[in-house]
Amino acid sequence: MKLGFSAADELFRQECADWLNAEMAGEFRDIKGITKLTASPERRKEWEQRLGEAKWGCIGWPEQWGGRNATLAQQVIFAEEYARAGVPGRVNHIGIELAGPTILAFGSEEQKRRFLPDIAAGKTIFCQGFSEPGAGSDLASVRTKGRLENGAWIVNGQKIWTSLAHISDWIFVVTRTEEGSKGPKGLTFLMMEIDQPGIEIRGIKQINGDAEFNETFFTDARCPADSMIGAVGDGWKIAMGLLAFERGVSTLGQQMAFRNELDELIAAAKANSAASNPLIRQRIAKAEIGLRLMRYGALRMLSNTDHSKIDGAALTYKIQWATWRRNLGELAMDVLGQAGEVTEGSEYEWDTLPNLFLYSRADTIYGGTNQIQRNLIAERGLGLPREPRGDV
Amino acid sequence: MEFVFTEEQAMIGETARAFFAENATSERTRKAMAATGQDAGIDRELWTAFCQELGLSGIGIPESAGGAGLGLVELAIIAEAAGAQVAALPMLGSLALSAQALAAGGSAEQQAAHLPGLLSGAVIAGYVHDAGITANGSSLTGSAGFAAHGSSAQLFVVTSNTGAWLVPADAPCVTVTPLTTMDQTRPYARVTLAAAQGEPLADPAAAIAAAHRAGFVAVAAEALGGAQAALDRTVAYARERVQFGRPIGSFQAYKHRLADLMIEIEQARSAVYWAACAVDEGSEEAALAVHAAKSFAADTFFLCAGNMIQLHGGIGFTWEHDAHLYFKRARAIQSMLGSGEWHREQVATMILGEVA
Ligand SMILES: Cc1cc2nc3c(=O)[nH]c(=O)nc-3n(C[C@H](O)[C@H](O)[C@H](O)COP(=O)(O)OP(=O)(O)OC[C@H]3O[C@@H](n4cnc5c(N)ncnc54)[C@H](O)[C@@H]3O)c2cc1C
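Each residue is numbered by its place in its chain's sequence as written, counting from 1. As they are written, the chains are lettered A onward and the ligands numbered 1 onward, keeping that order. Given that this is a predicted model, residues contribute local features only at a pLDDT of at least 70 and side-chain atom pairs are listed and counted only at 80 or more, while totals for whole chains, interfaces and linings are drawn from all residues. Heavy atoms from the whole structure form the basis of all side-chain values; hydrogens and water molecules are not counted.

## A closer look at the overall build of chain B
Working definition: helices are DSSP H or I runs of at least four residues, strands are E runs of at least two. Numbering for both runs from the N terminus. The secondary structure content of chain B amounts to 11 helices and 10 strands. Two things to know: the radius of gyration comes from C-alpha atoms, and the globule rule equals 2.2 Å times the number of residues to the power 0.38. Taking 356 residues into account, the globule formula puts the C-alpha radius of gyration at 21 Å, and chain B, at 20 Å, falls close to it. With the C-alpha coordinates aligned to their principal axes, the bounding extent of chain B is approximately 70 × 45 × 45 Å. Exposure categories follow from relative accessible area, calculated using a 1.4 Å probe and restricted to protein chains: below 20% of the type maximum is buried, above 50% is exposed, and the middle band is partly exposed. Across the 356 residues in chain B, those meeting the buried criterion constitute 60%. The accessible surface values rely on the Shrake-Rupley method and a 1.4 Å probe; as for residues, cover is taken only from the protein chains in view. By element, 55% of the accessible surface of chain B is carried by carbon and sulfur atoms, the whole surface being about 13,700 Å². In summary, the charge assignment counts Lys and Arg as positive and Asp and Glu as negative, without counting His or the chain termini. Taken as the charge location is NZ of Lys, CZ of Arg, CG of Asp or CD of Glu. Within chain B, one finds 20 positive and 35 negative side-chain charges whose respective centroids are separated by 12 Å.

Written out as structure tokens, the structure is:
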């Protein structure tokens, strides 16, 4: 058991920090410090490409596909330095964290050649088409249909809550391709180009006033057969494999963003003397401890190479961070008081902490709600009986 | 960076778990709980076997001081295994606190005189800390109410915030009063010093710091082991007990509570081994980590043990069932060596500064 990094790793850390700081002081200084997912999308796509050119886009990937074959320690370091330098989150996080690894694991050689270098180069932005109006937690109830016609899939139906679809190039969708099938059977995983007449995207306004997610309508939308991942009927297996990638190294970058939020909260508490209130001090200490435990939980999960047993740190990670962040949002409002409930501008737009308070209500919903996480933990982690399925 | 056990560490864990599961049985623990006088709350045979046959008592003590080397990570592994069985042993007072204080702050002569006895189990030491203990030269006056396994100790390591001394239990002007204690696996004694002679440790600051670090980590690890055992035993019951025609573990209200316990335990596990590793590596995070580990793991254990009673129903409230052993041990760990509030206030001071 060892927590410290080697001297070579520390040199690598310096290299990352130097490059990132130079970029954020130079050509990309206008996007430094952005925390909102929807802000300056065009500039941030350019940033994705800059990362790609310099081979910093997907450093953990094999060199063949545009990565650097970076070690785990190096990936950890890059993620940490990325957030420390105030670089905004990756607009293509779905591409690099979900679509890429899925293609790497389940795609054909031809598909790897076609998609991976472009994702690593920041040229193809992906979004995720899983949820539907009738299929949320119960993803296996998807109804969006796909049928094969003259060597192409024709897709009809609707997805919802599709984050960043309005700025994406491609969408991966789980479709029902076997007529009359139910549940996890008869589903197929397709990669579809968004810019086509059969796909329409409409923004949905969220509680913080922003519109990060969308409704996505498919009306005889086309998908060439060679953009199917895996085989017909493999959709469920691939979707589940994809969800497992959600707990990768990127979690460490996400934690550095949380670090920045907690630091901002601490600064606010010092500025308005909330930091002298013993109850607030206890809660800030708890938040600090929780964040550190998240880091070490993630390092345990990433260091673990024994995949024969259920990894408790990995299984509990989503609900842990989501709940931590929701609590942080509530603590932020208790620190700010009423000053957090008003904003100077005339737009319904919020600074980091009030926005955190609003946005963090989504953290315990997307990617599997807290209730669904508890079901998974109880069933997979503790071996308790499965939820009975109804037939309504 | 590799935050997993080495092969050697995994092996120590297996050995320790097997040893305690086989020997620290409920029956033997209850016999120790019922004992009085010098044997109150101690399974003597188990302690001798642990120190002499298993040979793990020197872990965390440098080889130069007669120990087995290694560090707090290994000590935590052992404390976790002992905690899982709520073993009735003087491990905390004698090894994690007193032996660590001696190894860090005792002179070579003091170490040579006392460590071999502590590590072999022939001598049991108690750790007495009270800020109000005053020293007039080497004459100590004061009283400390909560010396764990104090009635069994032949030697006390006495600390105030500024000094550390060795005081034999049978020295003149030393009174040891056994206290009927809620957690009978670790009964307290009140130690009163009325101008008793203390032998000062060579480096008191180092002794106190080492005892605190090791003590916080050891009780946190013990709490982790206890919490996991409380969860495991409840999960086993949830699978077998049937009500309303189905196993109670199939009810979502029940399942979700167990899931919540697992979520806390996973964090407590990160906390304990982060803290132990940070101390061993001399990381600058160590000071914060030991407070995090103690407060977080103690609260986790109490949450798990409380739920263990609730989720067993009536049987969980009986003396016969082991749930109360965990519950009482958990409560004791929350209070000892600084409350959760105190530890969190230390963290708050590190990140926010003192209260303005
Ligand atoms: C900000 C945001 C971004 C998102 N981005 C995307 C995206 O990019 N792509 C995408 O595909 N989806 C996305 N989602 C959708 C998200 O995955 C779903 O909202 C989520 O899976 C829950 O589904 P639902 O909204 O239909 O709620 P429901 O499943 O209807 O759940 C409603 C309530 O019932 C509870 N519930 C449901 N089933 C159970 C059960 N078995 N036991 C106990 N309680 C239960 C839930 O916990 C919840 O509290 C996003 C959501 C949000 C909020």
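## Considering the overall build of chain A
For chain A, the count of helices and strands is 12 helices and eight strands. Taking 392 residues into account, the globule formula puts the C-alpha radius of gyration at 21 Å, and chain A, at 21 Å, falls close to it. C-alpha atoms of chain A, sized along the principal axes, occupy 70 × 50 × 50 Å. Residues classed as buried in chain A amount to 54% of the 392 residues present. Relative to all contacts within chain A whose residues are 6 or more apart in sequence, the contacts with residues 24 or more apart total 71%. Here chain A displays about 17,400 Å² of accessible surface, and carbon together with sulfur accounts for 51% of that area. A distance of 5 Å separates the average location of the 46 positive side-chain charges in chain A from that of its 51 negative side-chain charges. What makes two residues a contact is simply this: any of their non-hydrogen atoms within 4.5 Å.

## A look at the sheet that holds strand β3 (residues 139-148) of chain B
All names here are of chain B. In space, the four strands of this open sheet follow the order β2-β3-β7-β6, with antiparallel pairing throughout. In this open sheet, the two strands that pair with only one neighbour each are β2 (134-136) and β6 (174-178). Here the strands of the sheet are splayed against their neighbours by 15 degrees on average, with no regard to which way each runs. By the convention used here, strands pair only if DSSP detects at least 2 bridges between them. Pairing between β6 and strand β7 (residues 188-197): five bridges, direction antiparallel. Looking at the pairing, Thr 177 lines up with Arg 190 of β7. Between N-to-C directions, angles span 0 to 180 degrees; the directions come from axes that are lines fitted to C-alpha atoms, helices contributing only their stretch in contact.

## Examining the interface of chain A and chain B
At the interface, 46 residues of chain A touch 51 residues of chain B. When two parts are brought into contact, each loses some accessible area as probed by a 1.4 Å sphere; the total of that loss over both is the buried area. Buried area between chain A and chain B, both sides added, is near 4,400 Å², and the carbon and sulfur share of it is 66%. Of all residues in chain A, A:Met1, A:Arg281 and A:Arg300 bury the most surface against chain B, accounting for 20% of the area lost on that side. What counts as a salt bridge is simple: a side-chain nitrogen of Lys or Arg found within 4 Å of a carboxyl oxygen of Asp or Glu. One salt bridge in this structure joins B:Lys255 and A:Glu387, with 3.3 Å as the shortest N-O distance. Two N or O atoms form a polar contact when they lie within 3.5 Å of each other; inside protein one atom must be a possible hydrogen donor and the other a possible acceptor, and for residues adjacent in sequence the pair counts only when both atoms belong to side chains. Put simply, chain A and chain B have 28 residue pairs in polar contact (both at pLDDT 80 or more) between them. Mapped by element, the contributors of at least two residues to the side of chain A that touches chain B are α3 (72-84), α7 (250-271), α8 (278-303), α9 (312-315), α10 (317-336) and α12 (370-381) of chain A. Ranked by residues supplied to the side of chain A that touches chain B, first place goes to α8(A) with 14 residues. Just so you know the grouping, Ala, Val, Leu, Ile, Met, Phe, Trp, Tyr, Cys and Pro go in nonpolar, Asp, Glu, Lys and Arg go in charged, and all remaining residues, Gly too, go in polar. Considering only residue class, the side of chain A that touches chain B consists of 22 nonpolar, 13 polar and 11 charged.

## Remarks on unusual backbone geometry
One non-glycine residue, A:Asp220, lies in the positive phi region at around 50 degrees. You can see A:Asp220 is positioned in strand β7 (residues 214-224). The class for A:Asp220 is partly exposed, based on a relative accessible area of 45%. For B:Phe244, which is not a glycine, the phi torsion comes out positive at approximately 55 degrees. Tracing the sequence through the fold places B:Phe244 in the loop between β9 (242-243) and β10 (246-247).

## Focus: the side chain of B:Ser57
Residues and elements named next belong to chain B. On the secondary structure map, Ser 57 appears in the loop between α3 (44-54) and α4 (72-84). Under the relative-accessibility criterion, Ser 57 is labelled buried at 6%. Those residues in contact with Ser 57, other than ones at most four positions away along the chain, are Phe 50, Cys 51, Leu 95 and Leu 119.

## Here's the deal with the environment of B:Leu56
Residue and element names in this part refer to chain B. Position of Leu 56 among the secondary structure elements: in the loop between α3 and α4. For Leu 56, a relative accessible area of 11% translates into the label buried. Sequence separation between Leu 56 and Leu 46 is 10 residues; the distance between their C-alpha atoms is 13 Å. Excluding its chain neighbours within four sequence positions, the residues that come into contact with Leu 56 are Ile 12, Ala 16, Phe 50 and Ile 78.

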